[in-house]
Amino acid sequence: MPGYEVSWNCYDRLISHEMKEGPGGVPYYDRDKFKPELAEDMNIGDMSVTFKLKKNAKFHDGHAGDGPRTPKWSLDRAVSVGGFPTFQMSAGSLTKAEQFVVVDDNTVRVDFAQKKTS
């Protein structure tokens, strides 16, 4: 858990959720409303989601990273490292590095193995 807390506070995700106020004023994530973090825009298709990345994104030390190859590396690792990250990714049908595609210098696409079922 401490490692999770550190990474959550040090690294941007592609997107996150907006916050809402719950009973007693306790904030929680609104699962129906997304907000950009590393991605400035996203386009959701039937079997994929494409993220346009912020051009000025940098690591905490000022390093610019490697455009879409940086989130691709993180996603590739999550599906292959084993343990909780791999288990969590598989819940969304994300199981292979080939599902994460660098489209161009500012774009990464995630291809899903199956459509969402209600």
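Note: the structure precedes this text.
Structural notes, computed from the coordinates. (Residues numbered from 1 in each chain as written. Predicted model: local features only at pLDDT ≥ 70, side-chain atom pairs only at ≥ 80, totals over all residues. Heavy atoms only, no water.)

1. Focus on unusual backbone geometry
For residues besides glycine, phi is generally negative; the peptide bonds are generally trans as well. This is how the line gets drawn: Put simply, DSSP marks the helices as runs of H or I at least four residues long and the strands as runs of E at least two long, and each gets a number from the N terminus on. Buried, partly exposed and exposed residues are distinguished by accessible area as a fraction of the type maximum, computed with a 1.4 Å probe on protein chains only: under 20%, between the cut-offs, and over 50%, respectively.
Look at Ser-93: it is not a glycine, yet its phi comes out positive at around 65 degrees. By the element assignment, Ser-93 lies in the loop between α3 (83-90) and β5 (100-104). Accessibility expressed as a relative area gives 10% for Ser-93, which makes it buried.

2. Quick word on the packing of aromatic side chains
The condition that has to hold: Aromatic pairs are defined between Phe, Tyr and Trp rings, using the six-membered ring for Trp, whenever the two ring centres lie within 6.5 Å; interplanar angles under 30 degrees are classed as stacked, those over 60 as edge-to-face, and all others as tilted.
On inspection of all chains with the given rule, the structure shows one aromatic pair. With a centroid separation of 6.4 Å and an interplanar angle of 40 degrees, the aromatic rings of Phe-84 and Phe-87 are classed as tilted. Taken together, the positions of Phe-84 and Phe-87, both in helix α3 and three residues apart, correspond to about one turn of that helix. The same class applies to Phe-84 and to Phe-87, which are both exposed.

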